[in-house]
Amino acid sequence: MRLLISGGTCRFPRLCYSEALKYSMRRKTFGKALCEHQMIRWKLGEMLRQIEALHDCNERVAFQYKSGVPDSRLGTQAALLKVMASKTFEYFAPGGAPGFCGASL
């Protein structure tokens, strides 16, 4: 069940990231695109880092599950994966994407 929860949670951050990236390319501030500002690039990079880390953990646990690793060994990893998915989801949830000028994505 934990694996299903984390897998479902992985989609929302990816959607938020793609919308935030589109928005940052479209929006202009101080004569240049929002994505050209250093802090915005850092935020986009941090978002992508969290998404990729979650995706990697999902893939590893899913592979172990498919390979027949016993539940007694998989339970701890699935629990940690669920915590990671919750933390990632929590990072993205407050407004779709953190720090994008209060824009509702």
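Residues numbered from 1 in each chain as written. Predicted model: local features only at pLDDT ≥ 70, side-chain atom pairs only at ≥ 80, totals over all residues. Heavy atoms only, no water.

Caption draft 1: A look at helix α3 (residues 38-66). Its 29 residues give α3 an end-to-end C-alpha distance of 42 Å, which sits within 8% of 42 Å, the value for a rise of 1.5 Å per residue. When we look at burial in α3, the residues that qualify are I40, K43, L44, E46, M47, Q50, I51, L54, C57, N58 and V61. The secondary structure elements touched by the buried residues of α3 are α1 (2-9), α2 (11-26) and α4 (71-92). Note on α3: the residue one or two positions beyond its end, G68, has a positive phi of about 90°. (Helix = DSSP H or I, 4+ residues; strand = E, 2+ residues; numbered from the N terminus. Expected span 1.5 Å × (residues − 1). Buried < 20%, exposed > 50% of the residue type's maximum accessible area, 1.4 Å probe, protein only. Contact = heavy atoms within 4.5 Å.)

Caption draft 2: Up close: the pattern of salt bridges. Enumeration over the complete set of coordinates arrives at four salt bridges. A salt bridge links R14 to E52; its shortest N-O distance comes to 3.4 Å. Here E52 lies in helix α3 and R14 lies in helix α2, a separation of 38 residues in the sequence. R14 sits in the partly exposed class, given a relative accessible area of 28%. The salt bridge partner of E19 is K22, with a shortest N-O separation of 3.4 Å. With E19 and K22 both in helix α2, this residue pair falls three residues apart, about one helical turn. You can call E19 partly exposed: its relative accessible area is 32%. (Salt bridge = Lys/Arg side-chain N within 4 Å of Asp/Glu carboxyl O.)

Everything listed is a geometric property; what it means functionally is a separate question.
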